[in-house]
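A look at the structure
Okay, here's what each chain looks like letter by letter:
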2 protein chains.
Amino acid sequence: MNQPSAKLAVGIEDVRAAAARLNGVIVTTPLLDYPLVSERLGFRLLIKAETLQITGSFKFRGASNRLLAAKDTDPAARAVVAFSSGNHAQGVAAAAKLLGFKATIVMPSDAPAIKVANTRGYGAEVVLYQRHTEDREAIARKIAEKDGALIVPPYDDPYIIAGQGTAGLEIVVQVKALGTVPDLVIAPCSGGGLVGGVATAVKDAFPNTAVYAAEPAGYDDLNRSLAAGERLPNKPTAPSICDALMAQTPGALTFPIHRKLLAGSKVVSDDAVLDAMSFAQRHLKLVVEPGGAAGLAAVLAMRGELKGRTAVVICSGGNADPEMIKRAADRGDPLL
Amino acid sequence: MNQPSAKLAVGIEDVRAAAARLNGVIVTTPLLDYPLVSERLGFRLLIKAETLQITGSFKFRGASNRLLAAKDTDPAARAVVAFSSGNHAQGVAAAAKLLGFKATIVMPSDAPAIKVANTRGYGAEVVLYQRHTEDREAIARKIAEKDGALIVPPYDDPYIIAGQGTAGLEIVVQVKALGTVPDLVIAPCSGGGLVGGVATAVKDAFPNTAVYAAEPAGYDDLNRSLAAGERLPNKPTAPSICDALMAQTPGALTFPIHRKLLAGSKVVSDDAVLDAMSFAQRHLKLVVEPGGAAGLAAVLAMRGELKGRTAVVICSGGNADPEMIKRAADRGDPLL
């Protein structure tokens, strides 16, 4: 990978190279404009709907970029293995299917049923593990050795970060087409590949735009790590409905990007996330999963300071189980 | 209005004029591509997401076109009145608010709460009536006389039909950008403004594409009228969850368009509509209301004959009450 800034694992050239590689493979997701909803909110809300990406989350971008790069360097590569609570699992499984790899995915036994079913539906072999007692990375390494498979990590890989960053490049093109420059861009954050890649693209085009991460309460490792200047862990058993955002620390490769480019990380409660999912159902007509709605929850809490401004919110995934869709539907209307 | 075909109320020039008038007023809704969902279905499914139009349905197009045309001919026009079960109500209310008109909307007392609340939220005065005992058109005429207001009918007006047809013009541009020509285009149908306008645009560009209406069981007046060659009514008290599709007969202006341009009308049951809403939640990540999902329900029932083909499905509205969202979430996965 090119490293235009010696200290960072990924630069704008890597994101551009990923976009070229992914052209025709990924879906260019829409940047959705809701003028009357914005008027009621008091700020312009633009939604980057990664829920509409192949597999229902942004993860397909990074996974496809990783596998295409592997094909470039080793045309004989045939097998991949990944560990994931669900969206990366689906991203890798679908990319493997489309690009001709055998995929084995190590998933926690308590992953949402829709994510396990979809991962199997894309043809991957699923190996379940106990989240709090077994080491998923060790299980993946064992499979990788047995199959001679490439491990596709969820975020700490330059190709993964650059692939997720292509969502940021699309945002730049799309806001330019709307004739505006966003004051704020916010993306949900677990290991930080998405927000790191997106910040790389957005800050290159719009240096004055503030890029934020959004994290769930209990998994606010990036918020605390940014304050401390070092990577701090979460309590591994903290409860959260944001099953997609439960990484234990910021990534070794992503954290330096976050420190350099992010304006900060906003922490949101489960209740705020459910309200954001309800808001998305009622006003945006989108199904967003809990982790995918963290950025939306954050901006809904920032209405005062966003007055008159323009915010781009990445809704990063839509793989919500029916029970969670119903829990959100049962909330009142956050706009009333 | 121009009448390039002497027999029809609307021609392609009228739809093009509407598109020019609506430029910058409406949202260009995305045509969504889901490659892996399409692979599982066995045909290419492209979704025209009118759920993402301002007010959550296509109705904003026709209403805005009607009001802008009124301003052209009478700059002093200031008040409008409309009767509608909900989506046309919201479309007229929002267009009135944005274009500087006072709006009064006559709505049935059993309209979904979200539609009544949103119509009021856009600043319109709402007058409720009893669906089976009162005459909404008479109530609207009385208000129009009192206020000197322009009646904005839901479908039987050339500007309304042409405005809805702009969704079809967008489809033409969008499928061309994808490098394909659809075999089938299908749109939900009540009075038939949407499918009439869309057929006008689509058949002009793609004469070999089959354009279908989709109607709910009990409100299959177009299906029966096409067979009979004359406008036949529905039984006014037939039960249906498709609150948006309960017009009593095809329109006087729309029916000649349907007869000339449509390949037919597909009739779908409440169960098929709920399954389509569940399919949209799970696989498309979209909230679609019952009436808005009628076209989707129809193509899901046509999987056999669509094998290897390309279908554009208009999801025409997303204003579903939470209870209906939950009923759909409780259905199984129609793809399993």
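Residues numbered from 1 in each chain as written. Chains lettered and ligands numbered in written order. Predicted model: local features only at pLDDT ≥ 70, side-chain atom pairs only at ≥ 80, totals over all residues. Heavy atoms only, no water.

The cut-off we apply is this: UniProt positions are given in the numbering used here, feature names are shortened, and annotations may be inferred rather than shown by experiment.
An unreviewed UniProt entry lists chain A under the name Threonine/serine dehydratase, from Dongia rigui. Recorded under Cofactor (unreviewed entry), the UniProt text for chain A is reproduced unchanged: "pyridoxal 5'-phosphate".

**A closer look at the overall build of chain A**
Put simply, the rule is: Only runs of H or I of at least four residues qualify as helices and only runs of E of at least two qualify as strands under DSSP, and these elements are numbered from the N terminus. All radius of gyration figures rest on C-alpha atoms, and the globule criterion is 2.2 Å times the number of residues raised to 0.38. When accessible area is computed with a 1.4 Å probe and restricted to protein chains, residues below 20% of their type maximum are described as buried, those above 50% as exposed, and intermediate ones as partly exposed. Residues are treated as being in contact if the distance between any of their heavy atoms lies within 4.5 Å. Under the counting rule used here, the positive set is Lys and Arg, the negative set is Asp and Glu, and His together with the chain ends is not counted. A charge is said to be at NZ when it belongs to Lys, at CZ for Arg, at CG for Asp and at CD for Glu.
Within chain A one finds 14 helices and 10 strands. For chain A, the C-alpha radius of gyration of 18 Å lies close to 20 Å, the compact-globule estimate for 336 residues. Over its C-alpha atoms, taken along the principal directions, chain A stretches across nearly 55 × 45 × 40 Å. Relative to its full complement of 336 residues, chain A shows a buried share of 63%. Considering only residue pairs separated by 6 or more positions, chain A has 74% of its internal contacts joining residues 24 or more positions apart. In chain A, the 36 positive side-chain charges and the 33 negative ones have mean positions that sit 2 Å from each other.

**Notes on the interface of chain B and chain A**
For the record, the criterion: Once two parts are put together, the accessible area they lose, assessed with a 1.4 Å probe and summed over both, is termed the buried area. Salt bridge criterion: a side-chain nitrogen from Lys or Arg within 4 Å of a carboxyl oxygen from Asp or Glu. Under this definition, polar contacts are N or O atom pairs within 3.5 Å; protein pairs additionally need one hydrogen-donor-capable and one acceptor-capable atom, and for neighbouring residues in sequence, both atoms have to be side-chain atoms.
Between chain B and chain A, the contact holds 33 residues from the first and 33 residues from the second. Summing the contributions of chain B and of chain A, the shared interface buries around 2,800 Å²; its carbon and sulfur component is 70%. One can count 4 salt bridges joining chain B with chain A. One salt bridge connects Lys326(A) with Asp330(B), and the closest N-O pair in it is separated by 2.6 Å. Put simply, chain B and chain A have 8 residue pairs in polar contact (both at pLDDT 80 or more) between them.

**So, the relation of the copies chain B and chain A**
To keep things clear, this is the line we draw: When the copies are superposed, the least-squares fit takes in the C-alpha atoms of residues with a pLDDT of at least 70 in both.
For the match of chain B to chain A, the screw axis carries a shift of 0.0 Å, the RMSD comes to 0.0 Å, and the turn is 180°. Look at the turn and shift together and you get a two-fold axis relating the two.

**Looking at the sheet that holds strand 9 (residues 264-268) of chain A**
Residues and elements named next belong to chain A. The criterion, for reference: What makes two strands pair is DSSP finding at least two bridges between them. In this description, a line fitted to the C-alpha atoms serves as the axis of each element, helices being fitted only across the stretch in contact, and the angle between N-to-C directions of two axes falls anywhere from 0 to 180 degrees.
The 6 strands lie next to each other as 1-2-10-7-8-9, forming an open sheet whose pairing is mixed. A single partner strand is all that each edge strand has here, and the edge strands are strand 1 (31-33) and strand 9. Shown here is a sheet whose adjacent strand axes are inclined to one another by a mean of 25°, direction ignored. Sheet analysis places strand 8 (residues 210-216) next to strand 9, joined by 5 bridges and oriented parallel. Each bridged residue has a counterpart across the sheet, and for Glu 215 the counterpart in strand 9 is Val 267.

**Section: unusual backbone geometry**
Of note, the phi angle at Thr55(A) is positive, near 75°, even though the residue is not glycine. Among the secondary structure elements, Thr55(A) is positioned in the loop between strand 2 (44-49) and helix 3 (59-73). Located in the positive-phi region is Lys285(B), a residue other than glycine, with phi close to 65°. Its place among the elements puts Lys285(B) in the loop between helix 11 (270-284) and helix 12 (294-300). Judged by relative accessible area, which is 3%, Lys285(B) ranks as buried.

**Description of the UniProt feature "domain: Tryptophan synthase beta chain-like PALP" (unreviewed entry) in chain A**
Within this structure's numbering, the places UniProt gives as "domain: Tryptophan synthase beta chain-like PALP" (unreviewed entry) are residues 26-317 of chain A. For residues 26-317 of chain A, the helix share is 45%, the strand share is 17%, and the end-to-end C-alpha distance is 15 Å.

**Some thoughts on helix 8 (residues 193-205) of chain A**
All names here are of chain A. What counts here: Working rule for helices: expected span equals 1.5 Å times residues minus one.
The end-to-end C-alpha distance of helix 8 is 19 Å, a good match for the 18 Å that 13 residues give at a rise of 1.5 Å each. Across the 13 residues that make up helix 8, a large majority, 10, are buried. Of the residues making up helix 8, those classed as buried are Gly 193, Leu 194, Val 195, Gly 196, Gly 197, Val 198, Ala 199, Thr 200, Ala 201 and Val 202. Looking at the packing, one finds that the buried side of helix 8 touches helix 1 (12-22), helix 7 (158-177), strand 7 (184-188), strand 8, helix 10 (254-261) and strand 10 (310-315).

**Digging into the packing of helix 4 (residues 87-99) of chain B against helix 5 (residues 113-121) of chain B**
Residue and element names in this part refer to chain B. Note the threshold: We call two directions roughly parallel when the angle between them is under 35 degrees, roughly antiparallel when it is over 145, roughly perpendicular when it lies between 65 and 115, and oblique otherwise. Each residue is assigned to one of three groups, with Ala, Val, Leu, Ile, Met, Phe, Trp, Tyr, Cys and Pro labelled nonpolar, Asp, Glu, Lys and Arg labelled charged, and all others, Gly among them, labelled polar.
The contact between helix 4 and helix 5 brings their axes to 8 Å, and the two run at 10°. One way to sum up the angle between helix 4 and helix 5 is to call them roughly parallel. Across the interface between the two elements, Asn 87, Ala 89, Gln 90 and Ala 93 from helix 4 touch Lys 115, Asn 118 and Thr 119 from helix 5. Class assignment for the residues of the contact of helix 4 with helix 5 results in 2 nonpolar, 4 polar and 1 charged.

**Topic: the pairing of strand 3 (residues 79-83) of chain A**
Residue and element names in this part refer to chain A. This is how the line gets drawn: When the strands point away from the viewer, a crossover counts as right-handed if the path from the first strand over the helix to the second runs clockwise.
Judged by how many residues are buried, strand 3 sits mostly within the fold: 5 of 5 residues are covered. Residues Ala 79, Val 81 and Phe 83 line one face of strand 3 and the alternating positions Val 80 and Ala 82 line the opposite face, and both faces are buried. Relative to strand 4 (residues 102-108), strand 3 runs parallel, the two being bridged by 5 bridges. Bridging across to strand 4, Val 81 finds its partner in Thr 104. In this fold, the crossover linking strand 3 to strand 4 by way of helix 4 (residues 87-99) has right-handed handedness. One ladder, built from 2 bridges, connects strand 3 with strand 6 (residues 150-151); its direction is parallel. Looking across to strand 6, one finds that Val 81 is bridged to Ile 151.

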